[in-house]
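# Observations on chain architecture
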Amino acid sequence: FSKKVDKKNEDILIYGDNNPNNPIVALAVARMLGKPVATTEISDEVVWYMQTHFGVTVSRHSGKCDQMEYLSMWVRPSKVIIYPTRWVGTARQVISGALCGTPVVGNRDSHTQKRLFPMLGTFIYDVVKMVELVGRLYNDKDFYAECCNYALEAVKFYSVKNAVKR
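Presented here is an overview of the structure given in this document.

The subject of this paragraph is the overall build of the protein chain. For the protein chain, the helix and strand inventory stands at 8 helices and 6 strands. Its helices and strands taken in sequence order, the protein chain reads β-α-β-α-β-α-β-α-β-α-β-α-α-α from the N to the C terminus. Expressed as a percentage of its 166 residues, the buried residues of the protein chain come to 47%. Sequence separation of 24 or more characterises 55% of the internal contacts of the protein chain that already satisfy a separation of 6 or more. By element, 57% of the accessible surface of the protein chain is carried by carbon and sulfur atoms, the whole surface being about 8400 Å².

Written as structure tokens, this is what we have:
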């Protein structure tokens, strides 16, 4: 991957994982901004509910997929990832975003978020702050590139070579 910021879809990637708050909070942000969402690891029923009851456009949807498909078809083409998880350990979703040039708005207390996207960390239920950050990423190309390039440099911390040194 390079420091060049690729052309991205306009959608916000939302993960379904073991924390049901992630998609709910992320949906609120997408709805407030009027942006479409891409979903992965979320059931068809939940996607139907999102479209029917939240009025959110789901542009792309997939259940479980392998890692290469996940990175190339979901993470890399998405404009932004919203990942407001309570998890504060090493978050592969944040690392994947850094490697694919997709900024992640997430938990300010996560050490992965602090290391890779410190300027995009927020309290996990602060929808107003998330709307502000995601809106800025959509509207400020320099800020978008700054976040991506910072993360791409910082993600080297997680390389095998650096892990062996630690």
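Now that the structure has been shown, the text picks up again.
Looking now at the environment of Val 127. Following the sequence through the fold, Val 127 ends up in helix H6 (residues 127–139). Taking C-alpha positions, Val 127 is 8.1 Å from Ala 26, a pair spaced 101 residues apart along the chain. Leaving out residues up to four positions away in the same chain, Val 127 has contacts with Val 25, Ala 28, Val 29 and Met 32.

The rules we used
Throughout, residues of each chain are indexed from 1 in the direction in which the sequence is written. Note on the predicted model: pLDDT of at least 70 is required for a residue's local features to be given, and 80 or more for side-chain atom pairs to be given and counted; whole-chain, interface and lining totals, by contrast, use all residues. In computing side-chain values, all of the structure's heavy atoms are included and hydrogens and water are not. Under the DSSP-based scheme used, a helix requires at least four consecutive residues in state H or I and a strand at least two consecutive residues in state E, with every element numbered from the N terminus. Each residue gets one of three labels from its accessible area relative to the maximum for its type: buried under 20%, exposed over 50%, partly exposed in between, using a 1.4 Å probe on protein chains only. Any two residues whose heavy atoms approach within 4.5 Å at even a single point are treated as in contact. Using a 1.4 Å probe, accessible areas were evaluated by the Shrake-Rupley method; residue-level cover was limited to the displayed protein chains.

Worth remembering: the numbers are spatial, not functional.
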